[in-house]
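Geometric and topological summary
The primary structure of each chain is shown beneath.
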Amino acid sequence: MFVLHEVFGFAHPEIARILDRSPTAVRQLATRARRHVHARRPRHRPGADLHAQVTERFAAAALGGDLRTLLELLAPDVTLWTDGGGKGPAVSLHPVHGRDSVAAVFMAVARALPAQGLDLRHRRVAGDPGALVLADGSPLAVVVVDLTPEGDRIDQVFSITNPDKLAGIRPPAV
């Protein structure tokens, strides 16, 4: 019904006849559908520079165990998606939801990382800013974040620690 009106230009009374509904019911459904579509549509994508800055701050906070900064950067309903393939440090089979839970995962990761030999590099991953974590010169993780439409918080984190998937990554030259 929303598509009939918005895309094909049918009037509400015509749609009502097609669907065997009252014009009032069709108008109400159209209003709800329009509100729903506009509520879910990002008004704009954050700029690449802002995205890179947030990614860099997040990676530094996660590796450094900076809980306060992590909590500032993560949206309340953030989701962490991990792929360790049963071989990497990320072993969760299910997404982790919520700022406190996601921050707790990264605090645990920071405590488990070696104190020496870590290097953090920033590079583009699938067109977005990403963080490459190296341990003794070998890839340990690739992390990419998605931002809220306002660009001020992280609403999704994608972490790959599966060594099979990281095998093709060549560490950047120093």
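Given the structure is predicted, the values throughout are model-derived calculations rather than measurements.

Parameters and conventions
- Residues numbered from 1 in each chain as written.
- Predicted model: local features only at pLDDT ≥ 70, side-chain atom pairs only at ≥ 80, totals over all residues.
- Heavy atoms only, no water.
- pLDDT = per-residue confidence, 0-100.
- Helix = DSSP H or I, 4+ residues; strand = E, 2+ residues; numbered from the N terminus.
- Core = buried A, V, L, I, M, F, W, Y, C linked by side-chain atoms within 4.5 Å.
- Buried < 20%, exposed > 50% of the residue type's maximum accessible area, 1.4 Å probe, protein only.
- Contact = heavy atoms within 4.5 Å.
- Pairing = 2+ DSSP bridges.

1. Some remarks on the confidence of the model for the protein chain
Residues with a pLDDT of 70 or more make up 83% of the protein chain, whose mean pLDDT is 81. Here helix H1 (residues 2-6) is the element of the protein chain with the lowest mean pLDDT, 58, and helix H5 (residues 67-73) is the one with the highest, 96.

2. So, the environment of Ala 48
Here Ala 48 shows up in helix H4 (residues 48-64). Counting along the chain gives 79 residues from Ala 48 to Gly 127, while the straight-line C-alpha distance between them is 9.9 Å.

3. Structural notes on the nonpolar core
Counting 19 residues, the largest nonpolar core has Phe 58, Leu 70, Leu 74, Val 102, Phe 106, Ile 154 and Val 157 as its most contacted members. In contact with Phe 58, other than residues within four places in its own chain, are Leu 70, Leu 73, Leu 74, Phe 106, Val 143, Val 145, Ile 154 and Val 157.

4. Looking at the sheet that holds strand E3 (residues 118-125)
In spatial order, the strands read E2-E1-E6-E5-E4-E3; together these six strands make up an open sheet with mixed pairing. Strands at the two margins of the open sheet, each flanked by one partner only, are strand E2 (96-97) and E3. Of the pairings in the sheet, the one linking strand E4 (residues 128-135) to strand E5 (residues 138-147) comprises six bridges and is antiparallel in character. From the neighbouring strand, Val 133 faces E5, where its bridge partner is Ala 141.

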